[in-house]
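# Structure at a glance
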Amino acid sequence: MMAVRARRPQIGLSVVLAVYWVPVLVGLRWGLWAGGDPIEIAQSIGAIVQQDFLELPITTLVLAPFVLAAAVAAILALRQHAPRPREAFVADGLTLLFGLPYLLWGLYLAVAYLVFFAQCSPFRPGSCFIY
């Protein structure tokens, strides 16, 4: 357990970086399937990465809870004022930087859920669920 706690910044950074590699690997797979032309592969990777950053990242949605947990753990670790190794500080900073889009998506979806629940509460008369 102590080994995992000591390596938490590196584990969090690797989880967040894995999320960024998934669209690249999917694009590479589709590019090789399409014929293996390097230009087509690069275009396929660019299209998949662009789609994941402009829309809700569907290809990496399964890993989103891990990214959110790593980013929140990095925020909590960066708020502590205890002396830490420099590489842990850098790893937490990069985890937070790369996890920020997922934190923003999670915040947006949480606010949308709360607004929906406030507007369509099943306990309020005349709501969306009770006719």
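Note that this is a predicted model, so its numbers are computed, not measured. (Residues numbered from 1 in each chain as written. Predicted model: local features only at pLDDT ≥ 70, side-chain atom pairs only at ≥ 80, totals over all residues. Heavy atoms only, no water.)

From N to C terminus, the protein chain includes 5 helices and 0 strands. For the protein chain, the N- to C-terminal ordering of α and β elements is α-α-α-α-α. Out of the 131 residues belonging to the protein chain, those deemed buried represent 24%. Within the protein chain, contacts between residues at least 6 apart in sequence are counted, and of these 59% link residues at least 24 apart. (Helix = DSSP H or I, 4+ residues; strand = E, 2+ residues; numbered from the N terminus. Buried < 20%, exposed > 50% of the residue type's maximum accessible area, 1.4 Å probe, protein only. Contact = heavy atoms within 4.5 Å.)

When the terminal C-alpha atoms of helix H5 (residues 86–119) are compared, their 47 Å separation across 34 residues agrees well with the 50 Å that a helix rising 1.5 Å per residue should span. Most pronounced at Gly-99, the bend in H5 amounts to some 50 degrees, and the proline Pro-101 follows within four residues. Among the residues making up H5, those that are buried are Ala-88, Ala-91, Asp-92, Thr-95, Gly-99, Tyr-102 and Leu-103. (Expected span 1.5 Å × (residues − 1). Bend = angle between axes of the 7 residues up to and from the residue.)

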